[in-house]
Amino acid sequence: MPGKLKVKIVAGRHLPVMDRASDLTDAFVEVKFGNTTFKTDVYLKSLNPQWNSEWFKFEVDDEDLQDEPLQITVLDHDTYSANDAIGKVYIDIDPLLYSEAATVISGWFPIYDTIHGIRGEINVIVKVDLFNDLNRFRQSSCGVKFFCTTSIPKCYRAVIIHGFVEELVVNEDPEYQWIDRIRTPRASNEARQRLISLMSGELQRKIGLKVLEMRGNAVVGYLQCFDLEGESGLVVRAIGTACTLDKLSSPAAFLPACNSPSKEMKESPLVHPPSHGCRSTHNSPIHTATGSRLTQNFSVSVPTLIYTGMGSGSAGKEGGPFKALLRQQTQSALEQREFPFFTLTAFPPGFLMHVGGVVSARSVKLLDRIHNPDEPETRDAWWAEIRQEIKSHAKALGCHAVVGYSESTSICEEVCILSASGTAAVLNPRFLQDGTVEGCLEQRLEENLPAGCGFCHIPYDELNMPFPAHLTYCCNCRKQKVPDVLFTTIDLPIDATVIGKGCLIQARLCRLKKKAQAEANATAISNLLPFMEYEVHTQLMNKLKLKGMNALFGLRIQITVGENMLMGLASATGVYLAALPTPGGIQIAGKTPNDGSYEQHISHMQKKINDTIAKNKELYEINPPDISEEIIGSPIPEPRQRSRLLRSQSESSDEVTELDLSHGKKDAFVLEIDDTDAMEDVHSLLTDVPPPSGFYSCNTEIMPGINNWTSEIQMFTSVRVIRLSSLNLTNQALNKNFNDLCENLLKSLYFKLRSMIPCCLCHVNFTVSLPEDELIQVTVTAVAITFDKNQALQTTKTHVEKSLQRASTDNEELLQFPLELCSDSLPSHPFPPAKAVTVEKASPMGEGNFRNRSAPPCANSTVGVVKMTPLSFIPGAKITKYLGIINMFFIRETTSLREEGGVSGFLHAFIAEVFAMVRAHVAALGGNAVVSYIMKQCVFMENPNKNQAQCLINVSGDAVVFVRESELEVLSTQQPTANCQPSCPGGEVTT
């Protein structure tokens, strides 16, 4: 399918001074695509040149249009010496290749230089004429749409969800080529940026070909990552969910928002598949390893992680035969296709029938054992092995699919940790392509499963469980068995019944390791991983109990490897599910001989923990209804069957039998302590500093329990880097430093966002990395959304309104100090570690909330800047068009770190420049917002002795067009308000 690419260079502005004699610039432009290069005329002595060039035309194949970026280089002309580079612009042509996409890319693009940053702007017009080719052997995938959002896009509906697609490409890293020794740092950085752009386009094209083989037309939940393997090469890999999408064309689809986000998702983002099945076999072969001796693997299946005992009893009879027959038919239908992995985290009602729990696998590999570094076969075999582990864990839980699936790596020198995790689930087969279950059977089953608790019911056989579990009857329907706690990697289902609010729960862990090389290093890491995984889950369970909650959603566990340490960071949103039993308390116990002062210390700690639990229940408004004793379920098991947390190595199981393991009528978690020092450590670990009054936080898109959002939102990105002291470094000191780093980062964010009280930090995404020895870097992105403190929240308890009134009174003083931060000045903060925060004050939007839209919308709907948000929606607006994904990779290097403001100033300026370039590309496509924005990589490297630093940033998101409520008033009056489709609360803008 040949095509014609046409480019016109219009003008430039704000160029830097390149000629010191005249304080001006003699600028011209090189336009390159593939191996063809055109040049404009030299515009003499001007910082704002007007080229108005002719149309430069490139005749290329469509696969080249997908693979190659358009490269625009701005240079300063010198008569007697080599021309000086001013900067470059890379433009992705792929958004112009969709049938529904923009027809032209036109606008001002920042001219970027890897050494000096942004150096002016250039006005470019790009057009593509594509000739359709129905050749079945073509190597292009033009027309396949890509979405970063992990839910069905707002203005589409999914006809069929085909399944999992993956691909990776490998190349030699220019940073480690022999020529890098003689070329300049600028040339090396630009070679790396160009190679990554080429590999990204090639990868997207190959993924698209697999989707076309499945007869799909879109990839949802597209996640692309870069693995910098050093001398072994550069790997770009991607995963996603292949779908067949239809554009919603009814007028109701573009009506203004009038309700909570959950109702919009209920409006049919997913329709039933047609009766005829389409071929969905994944035709890409799974490669096998070629002569590489793989090191140890570690994998774990965590259905509900840590249980408090073994239950007994049988499931309810009602719905039992239908449930068994449905699962049997579903399994037989899915055996005919590849085991489904889904990168989606949000689903419409009815899609998830049952959730088994978190399944994860990790594997340690040696990069120097790859015989052919330039070939992808070995790495393909590694990931196939990981996915097979996940598949076997899901099957052990009685599930036939994995949802909320993600993959990640952590690399240090020649050692690489491969990680994958997801949630084992039983899906409704009518949403899958090859579903064969008849509707009448499903209908009879659904009548016996009340809404709001069906996904909590266990999918595995209670009598043949591969793990100990404490099961009780569902507190909602009281027909099926449920676990006492549930961990998942997905968002909270929209039909789930939640009591109170949710909160962000984090587990942080550091472990020292000896410096070693090659296989000895890999073996040491493999031996540490199972214990780290267990301790991270133990922390999560303890903190969940302390909050008085019983379920985690959006769980993300990251294990990072460094030269002399391993770090683990787990983030999730805790909630209280009404279907699960009330969590028991936490009991402190010691095994030391009876001592009056020691026992007094234990009782004092026990009182502190009990008080913390009571305060948390009041703070998050958790007051479940009382349940009769016969509903509680299984009897309390014997003590030696229980999970014992934080035990000493010298402890024997016989001594535990003397402990009182009950707490009232409910099971209690037992924390066993060796001495007073360990007890203080446990107390500091379990009692995190709560957020200030008026603040809430979660790592999911929507905070459970809050529905009355306003349209005032604000996105921010923060990076903090600290250097550890190598003297007397212990695990205990390392844990304290890491914990203080994360807590201080959150405190600084609360301080800067104090003018938005009451507000919630949503989609909080923490990333930790160890770029160098004794250097820890934490990056966080989130969006702050305000909610109306004068509106009653949607809850069953009457005291919520009074508590909100008390919170607003306490925060009255803080509201007197407005937040004033801008992107071109360094924000001040009271914490000493080097840090950069990039944040922008939200522009005013339509007033009123999404639950009760009583106030008139804002009259002025003009959008001054491109909005950016990590959420998949825009508040007070409707997304009308997706223009394609934005996937950009930038490198910034400096040899004058101190002169640029140190680490904080350097990172702050670089992140602000990244935002500016993302906004410019979206505006050039005709869009006015970026949704599902994510900073997937931020790698910082520093050499303070030479005053040098380098940073690599990879960002992605969906470019969209949205329309304000005020612009849709005419349409809204044509439809009854009862039929108005709601929109999700909030995303926001960053700079």
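Residues numbered from 1 in each chain as written. Predicted model: local features only at pLDDT ≥ 70, side-chain atom pairs only at ≥ 80, totals over all residues. Heavy atoms only, no water.

(A) A look at the pattern of salt bridges. Throughout the structure, instances matching the rule amount to 29 salt bridges. Residues arginine 186 and aspartate 113 are paired through a salt bridge, measuring 2.7 Å at the closest nitrogen-oxygen approach. Within this pair, whereas arginine 186 is found in helix 2 (residues 185–213), its partner aspartate 113 is found in strand 7 (residues 104–113), the two being separated by 73 residues in sequence. Relative accessible area serves as the criterion here: at 23%, arginine 186 is assigned to the partly exposed category. With relative accessibility at 0%, the residue aspartate 113 sits in the buried group. One salt bridge in this structure joins arginine 237 and aspartate 227, with 2.7 Å as the shortest N-O distance. With a gap of ten residues between them, arginine 237 in strand 12 (residues 234–247) and aspartate 227 in strand 11 (residues 218–228) connect regions that are remote in the sequence. Salt bridges sharing partners connect three or more residues here, namely Glu166, Glu167, Lys210, Arg387 and Glu407. (Salt bridge = Lys/Arg side-chain N within 4 Å of Asp/Glu carboxyl O. Helix = DSSP H or I, 4+ residues; strand = E, 2+ residues; numbered from the N terminus. Buried < 20%, exposed > 50% of the residue type's maximum accessible area, 1.4 Å probe, protein only.)

(B) Local environment of the pairing of strand 34 (residues 929–943). In this sheet, strand 34 lies alongside strand 32 (residues 867–868) in parallel orientation, the contact comprising two bridges. Looking at the pairing, lysine 867 lines up with alanine 929 of strand 34. The pairing of strand 34 with strand 35 (residues 948–964) spans twelve bridges and is antiparallel. Bridging across to strand 35, asparagine 943 finds its partner in glutamine 948. The hairpin formed by strand 34 and strand 35 contains four residues between the paired strands, and asparagine 947 there has a positive phi angle of roughly 60°. (Pairing = 2+ DSSP bridges.)

(C) Here's a closer look at the environment of aspartate 227. For aspartate 227, a relative accessible area of 5% corresponds to the buried category. Sequence separation of aspartate 227 and isoleucine 411 is 184 residues, and the distance between their C-alpha atoms is 7.8 Å. Only 2.7 Å separates the side chain of aspartate 227 from the side chain of arginine 237, close enough to count as a polar contact. (Polar contact = N/O pair within 3.5 Å; in protein donor to acceptor, adjacent residues only side chain to side chain.)

(D) Examining the packing of aromatic side chains more closely. With the rule as written, the count across this model stands at 18 aromatic pairs. Where phenylalanine 38 meets phenylalanine 56, the ring centres are 5.3 Å apart and the plane angle is 10°; that geometry is what we call stacked. Residue phenylalanine 38 is located in strand 3 (residues 36–39), and its partner phenylalanine 56 is located in strand 4 (residues 56–61); the two are separated by 18 residues in the primary sequence. Classification of phenylalanine 56 as buried rests on a relative accessible area of 3%. With centroids separated by 6.2 Å and ring planes inclined at 85°, the aromatic side chains of phenylalanine 342 and phenylalanine 351 adopt a geometry described as edge-to-face. As far as burial versus exposure is concerned, phenylalanine 342 and phenylalanine 351 are alike and both buried. (Phe/Tyr/Trp six-rings, centres within 6.5 Å; stacked < 30°, edge-to-face > 60°.)

(E) Up close: the sheet that holds strand 19 (residues 486–487). Pairing is mixed across the open sheet formed by four strands, whose spatial order is 19-21-22-20. Lying at the two open borders of the sheet, with one neighbouring strand each, are strand 19 and strand 20 (503–512). Relative to strand 22 (residues 565–575), strand 20 runs antiparallel, the two sharing ten bridges. Bridging from a neighbouring strand, arginine 511 pairs with leucine 566 of strand 22. Sheet contacts for helix 11 (residues 731–752): strand 20 and strand 22; angle to strand 20, the most-contacted strand, approximately 150°. (Contact = heavy atoms within 4.5 Å. Axes fitted to C-alpha atoms, helices over the stretch in contact; angles between N-to-C directions.)

(F) Quick look at empty space enclosed by the protein. Counted according to the given criterion, the structure contains ten cavities of 30 Å³ or more. In this structure, the largest cavity spans a volume of roughly 580 Å³. Taken together, 36 residues make up the lining of the largest cavity; nearest its centre are Tyr90, Asp92, Ser197, Asn887 and Met888. Contributions of two or more residues to the lining of the largest cavity are made by helix 1 (62–67), strand 6 (84–91), strand 7, helix 2, strand 33 (877–894) and helix 13 (902–924). Top element by residues in the lining of the largest cavity is helix 2. It accounts for eight residues. (1 Å grid on protein atoms, 1.4 Å probe; cavity = no way out; pocket = protein on both sides within 12 Å on 5 of 7 lines; lining within 4 Å. Points joined across faces, edges and corners; volume = space filled by probe spheres on them.)

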